[in-house]
Amino acid sequence: MMNRRVVVTGLGMISPIGNDLETSWKAALEGKCGISTVTAFDASALGSQIAGEVKDFDAAKYLGVKEIRRFDRFIHFGVAAGMMALDDSGLEITEEFAPEIGCAIGSGIGGLPVIAANHEALMNRGPRRISPFMIPGCIVNMASGQLAIMRNLKGPNIAHVTACSTGLHAIGEAMHMIRRGDCTAMVAGGCESTIHPLSMGAFDAMHALSRRNDDPATASRPFDKDRDGFVMGEGAGILVLEELEHAKARGAHIYAEIVGYGLSGDAYHITTPSTDGPVRCMRMALKNAGLKPEDIQYLNAHGTSTAVGDVNEVKAIREVFGEHTKNMVVNSTKSMTGHLLGGAGGVESVFTIKAIEDQISPPTINVQNQDPECDIDCCANKARPMKIEYGMKNSFGFGGTNSTVIYRRWTE
């Protein structure tokens, strides 16, 4: 079995704090918040009326009029961020090389708004009013599928669905595909757009969402004692992963090396996390990378701003890293973007990689009264220059599914 080295050569992002990589990263370092009162629909009947919406996004820059109309917004985001990442990578996609480049872009929920709209048409106007494009317009694999069609990517084409672990699982599995020789490069990550009355109403019914409607900018507050739930976000984060020697041969800019990947299942509860699963997940990633806990300087946490989740993750981190925990920065960029569900692992991997490349941690904003049970260095409220040789990224999801990826600072 091959064990080729894999590097990151392209980054693309659509987020509540910016519609490209440069804008989003600059906003993150400045601690800007992308959360505000919902504008996509009238949310006044909901307990939670706030979200991290993508603002001023022009899908026409990436898709034709027909595609925009037919595809759900999560596909718009996935295709756009994928195109950005490919353009950033500089990969030349010839007919000969096309079978060596694949896609692994997932979504946690997919096209719920398209499903809801067609169900409404069915109920109000009958089956003849269901769109013939409903199925390809909403299924999760269509972000990968449409990007591949538009950019002639003929390698492995797959879409993972593991709730809020989706984007990170996609990246980890894409790394393995390249390592074992299935392909030379993969476009991988996650996308999501479910700021919709049905999905927000469902999470609200679970009492999972923050109801800090009078002050949206401070609603997402991971590790803060006064947190009251997560805030829904939308967008996409996409990486181009590439076999090292191929990247070097063409003179590609290398952002980081992806060196470790872990995944596990809690086998515990559909929504309540356990400590055991995340512990095993992080340890698997460290073992896969051939690293010791003390090799990690920075950890971009799952950190959703829920009462149970944040404490559970911190306990798991302490179990894995022991006394070294106090030497690490463990932050959550969800404080600025909200929780992008299946898109979170992709967006937060981009932030992790940029933190490593630029040797600076973005802040966890809104930490005004840090929870004693989350007694970590979360880089509270202000970005901080620091040495980062290895950065870890965690994503956990409903059903007890966990993923961890480790990135290394690129040096020859």
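A.B. asks: Summarise the sheet that holds strand β6 (residues 185-192); cite the residues concerned and give the values.
C.D. replies: Here 10 strands make up an open sheet; going across it, the order is β5-β4-β6-β7-β1-β8-β14-β13-β9-β10 and the pairing mixed. Bordering the open sheet on either side are β5 (157-158) and β10 (329-331), each of which pairs with just one other strand. Note: strand β8 (residues 256-265) against strand β14 (residues 401-409), nine bridges, orientation antiparallel. Paired with isoleucine 258 across the strands is tyrosine 407, a residue of β14.

A.B. asks: An account of the nonpolar core is needed here, citing residue identities and associated values.
C.D. replies: Counting residues in each nonpolar core, the largest one holds 45 residues, and the members touching the most others are Leu239, Leu241 and Tyr407. Secondary-structure elements contributing two or more residues to this core are β1 (6-14), α1 (21-29), α7 (166-179), β6, β7 (235-243), β8, α13 (344-358) and β14. When residues no more than four places from it in sequence are discounted, the contact partners of leucine 241 are Val6, Val7, Val8, Ile171, Ala174, Met175, Ile178, Thr184, Ala185, Met186 and Ile258. Judged by nonpolar contacts, the second largest core, of 33 residues, contains Ile75, Val79, Ala143 and Leu153.

A.B. asks: I'd like to hear about α13, residue by residue, with values.
C.D. replies: In a regular helix each residue adds 1.5 Å, so 15 residues correspond to 21 Å; α13 covers 21 Å between its end C-alpha atoms and thus fits that length. Most of α13 sits inside the fold, with 13 of its 15 residues counted as buried. Once α13 finishes, glutamine 359 follows within two positions and takes phi at roughly 55 degrees, a positive value.

A.B. asks: Explain the packing of α7 against α13 to me, and be specific about the residues and the numbers.
C.D. replies: Following both chains from N to C, one finds α7 and α13 inclined at 65 degrees, their axes separated by 5 Å at the closest point. It follows that α7 is roughly perpendicular to α13 by the angle criterion. Between α7 and α13, the contacting residues are Gly167, Leu168 and Ile171 on the first element and Gly345, Gly346 and Ser349 on the second. Looking at the contact of α7 with α13 residue by residue, the class counts come to two nonpolar, four polar and no charged.

A.B. asks: Tell me about the pairing of strand β13 (residues 390-397), and name the residues and values.
C.D. replies: Most of β13 is tucked away: eight of the eight residues are buried. Burial along β13 is two-sided: the residues Tyr390, Met392, Asn394 and Phe396 and Gly391, Lys393, Ser395 and Gly397 are all buried. Where β13 lies against β14, eight bridges are found, and the strand directions are antiparallel. Its bridge partner lying in β14, phenylalanine 396 is registered against asparagine 402. Where β13 folds back on β14, the antiparallel hairpin that results is connected by three residues, among which glycine 399 adopts a positive phi of roughly 90 degrees.

A.B. asks: Explain the packing of aromatic side chains to me, using residue names and the numbers behind them.
C.D. replies: Tallying each qualifying case throughout the model produces five aromatic pairs. Seen from their ring centres, phenylalanine 57 and tyrosine 62 are 6.0 Å apart, and the 5 degrees between their planes marks the pair as stacked. Owing to a relative accessible area of 16%, phenylalanine 57 belongs among the buried residues under this scheme. Ring geometry for phenylalanine 203 versus phenylalanine 398: centroids 6.3 Å apart, planes at 50 degrees, classification tilted. One end of the pair, phenylalanine 203, is in helix α8 (residues 197-205); the other, phenylalanine 398, is in the loop between β13 and β14, with 195 residues separating them in the sequence. On the basis of relative accessibility, which here comes to 12%, the residue phenylalanine 203 falls in the buried class. On the accessibility criterion, phenylalanine 398 (38% relative accessible area) is partly exposed. An aromatic cluster of at least three residues, connected via ring pairs, comprises Phe57, Tyr62 and Phe77. The ring centre of phenylalanine 133 lies 3.8 Å from the NZ or CZ of arginine 70, which sits over that ring.

A.B. asks: Outline the pairing of β8, supporting the account with residue identities and numerical values.
C.D. replies: Judged by how many residues are buried, β8 sits mostly within the fold: eight of 10 residues are covered. Relative to β8, β1 runs antiparallel, the two sharing three bridges. When the bridges of β8 are listed, valine 7 appears paired with glutamate 257.

A.B. asks: Describe the pattern of salt bridges, and please don't skip the residues or the numbers.
C.D. replies: All chains considered together, the criterion is met by 21 salt bridges. Note that lysine 26 and glutamate 30 form a salt bridge whose closest N and O atoms lie 2.7 Å from each other. For lysine 26, a relative accessible area of 48% puts it in the partly exposed group. Overall, glutamate 30 belongs to the partly exposed group, its relative accessible area being 42%. The shortest N-O distance in the salt bridge between arginine 227 and aspartate 371 comes to 3.0 Å. Taken together, the residues arginine 227 in the loop between α8 and β7 and aspartate 371 in the loop between β11 (360-361) and β12 (384-385) connect sequence positions 144 residues apart.

A.B. asks: Help me get a handle on unusual backbone geometry, residues and values and all.
C.D. replies: Although it is not a glycine, asparagine 152 sits at a positive phi angle of roughly 60 degrees. Within the element layout of this structure, asparagine 152 appears in the loop between α6 (142-151) and β5. Notably, histidine 207 is not glycine yet its phi reads approximately 60 degrees, a positive angle. Along the chain, histidine 207 turns up in the loop between α8 and β7. A relative accessible area of 59% places histidine 207 in the exposed class.

Conventions we followed
Residues numbered from 1 in each chain as written. Predicted model: local features only at pLDDT ≥ 70, side-chain atom pairs only at ≥ 80, totals over all residues. Heavy atoms only, no water. Pairing = 2+ DSSP bridges. Helix = DSSP H or I, 4+ residues; strand = E, 2+ residues; numbered from the N terminus. Core = buried A, V, L, I, M, F, W, Y, C linked by side-chain atoms within 4.5 Å. Buried < 20%, exposed > 50% of the residue type's maximum accessible area, 1.4 Å probe, protein only. Contact = heavy atoms within 4.5 Å. Expected span 1.5 Å × (residues − 1). Axes fitted to C-alpha atoms, helices over the stretch in contact; angles between N-to-C directions. Parallel < 35°, antiparallel > 145°, perpendicular 65-115°, else oblique. Nonpolar A, V, L, I, M, F, W, Y, C, P; charged D, E, K, R; others polar. Phe/Tyr/Trp six-rings, centres within 6.5 Å; stacked < 30°, edge-to-face > 60°. Lys NZ or Arg CZ within 6 Å of the ring centre and 35° of its normal. Salt bridge = Lys/Arg side-chain N within 4 Å of Asp/Glu carboxyl O.

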